[in-house]
Amino acid sequence: MDELKVRDIMQTEVVTVSPDTTVRLLAELLAEHKISGVPVIDGERVVVGMVSEADIIVQDADLHFPYYIQFLDSVIYLQSFGKFEERIRKAFGSKVAEVMSDQVVEISPDATVRQAATLMADKEVNRLPVVEEGRLVGIVTRHDIVQAIADSRA
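The sections below set out a description of the structure shown in this document. (Residues numbered from 1 in each chain as written. Predicted model: local features only at pLDDT ≥ 70, side-chain atom pairs only at ≥ 80, totals over all residues. Heavy atoms only, no water.)

### Let's talk about the nonpolar core
Quick note on the threshold: Only buried Ala, Val, Leu, Ile, Met, Phe, Trp, Tyr and Cys residues count toward a nonpolar core, and they belong to the same one when joined by side-chain atoms within 4.5 Å. Accessibility here uses a 1.4 Å probe with only protein chains present; expressed as a share of the type maximum, an area under 20% marks a residue as buried, one over 50% as exposed, and anything in between as partly exposed. A run of H or I in DSSP counts as a helix once it spans at least four residues, and a run of E counts as a strand once it spans at least two, with each numbered from the N terminus. Any two residues whose heavy atoms approach within 4.5 Å at even a single point are treated as in contact.
Counting residues in each nonpolar core, the largest one holds 14 residues, and the members touching the most others are Val6, Ile107, Leu128, Val140 and Ile145. Broken down by secondary-structure element, the contributors of at least two residues to this core are helix H1 (6–9), helix H6 (113–123), strand S5 (127–132) and helix H7 (142–152). No other element matches the 3 residues that H6 contributes to this core. If near-sequence neighbours (up to four positions away) are discounted, Val140 is found in contact with Val6, Ile9, Ile107, Met120, Arg127, Leu128, Val130 and Ile145.

### Brief notes about H7
Keep this limit in mind: In this description, the arc belongs to the directions extending from the helix axis to the C-beta atoms.
When H7 is considered as a whole, its buried residues turn out to be Asp144, Ile145 and Ala148. For H7, the angular spread of the buried residues around the axis is 100°, confining them to a single face. Seen from the buried face of H7, the exposed residues on the opposite side, beyond 90 degrees, are His143 and Val146. Buried residues belonging to H7 abut H1, H6 and strand S6 (135–141).

### A short note on the side chain of Ser52
Relative to the helices and strands, Ser52 resides in strand S2 (residues 47–52). Looking at Ser52, the relative accessible area reads 16%, which means it is buried. For Ser52, the contacting residues outside a window of four places in its chain are Leu30, Ser36, Gly37 and Arg127.

### Looking at the environment of Ile107
Relative to the assigned elements, Ile107 resides in the loop between helix H5 (96–99) and H6. Relative accessible area serves as the criterion here: at 8%, Ile107 is assigned to the buried category. Sequence separation of Ile107 and Leu119 is 12 residues, and the distance between their C-alpha atoms is 8.6 Å. Setting aside residues up to four positions removed in sequence, Ile107 forms contacts with Val6, Gln115, Ala116, Leu119, Leu128, Pro129, Val130, Val131 and Val140.

### Re the side chain of Arg127
Threshold: Only four residue types enter the tally: Lys and Arg on the positive side, Asp and Glu on the negative side, with His and both chain ends excluded. The working definition used for a salt bridge is a side-chain nitrogen of Lys or Arg within 4 Å of a carboxyl oxygen of Asp or Glu. Any pair of nitrogen or oxygen atoms within 3.5 Å is treated as a polar contact; in protein, a donor-acceptor pairing is required on top of that, and neighbouring residues in sequence qualify only through side-chain atoms on both sides.
Mapping Arg127 onto the fold places it in strand S5. Although buried, Arg127 forms no salt bridge, and the nearest oppositely charged side chain, Glu53, lies 6.2 Å from it. In this structure the side chain of Arg127 is engaged in a polar contact, spanning 2.5 Å, whose partner is the side chain of Ser36. Those residues in contact with Arg127 that sit more than four places away from it in its chain are Ser36, Gly37, Val38, Met50, Ser52, Met120, Ile139, Val140 and Thr141.

### Side note on the pattern of salt bridges
What the rule picks out here adds up to 5 salt bridges. With its nearest N and O atoms 3.3 Å apart, the salt bridge here joins Arg114 to Glu3. Of the two residues, Arg114 sits in helix H6 while Glu3 sits in the segment before H1, which places them 111 residues apart along the sequence. A relative accessible area of 60% means that Arg114 is categorised as exposed. Of the charged contacts, one joins Glu132 and Arg7 as a salt bridge, the two residues approaching to 3.4 Å between their closest N and O atoms. Here Glu132, found in strand S5, pairs with Arg7, found in helix H1; they are 125 residues apart in sequence, far enough to count as distant. The exposure class of Glu132 is partly exposed, given its relative accessible area of 32%. Beyond isolated ion pairs, a larger network of salt bridges with shared partners links Arg7, Asp110 and Glu132.

Here is the structure:
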């Protein structure tokens, strides 16, 4: 028997946003559709980023300056200053482009469900945009994979 493919379990009705979408509208869409993240696409349906609840809640979180020590005339940061800069950018962003992650992990509809599960686990992502010929055709989430596992054991 052939292994189940991503195209067999992916959702083809995908909620998406553009880079120009406001963070407020993004929050409303996530709440309305009861989802935790969406692909960010351009006018050609090319995935240019991913944005999630985590990118939004930074706006209500307290910002903590990274710990540092001062030695002679130098400042040595004990935590990543880059991560702090990213949190500041997201905390004050008003458009999706300012808060999204542009490091997108994509998958082909012809990949196996096992490959999708492995990719999600290895890259620590909750959803994968499904891309064919450079365009978004669907999305597969952890829930979709868990459902496929449950169905295969029934």
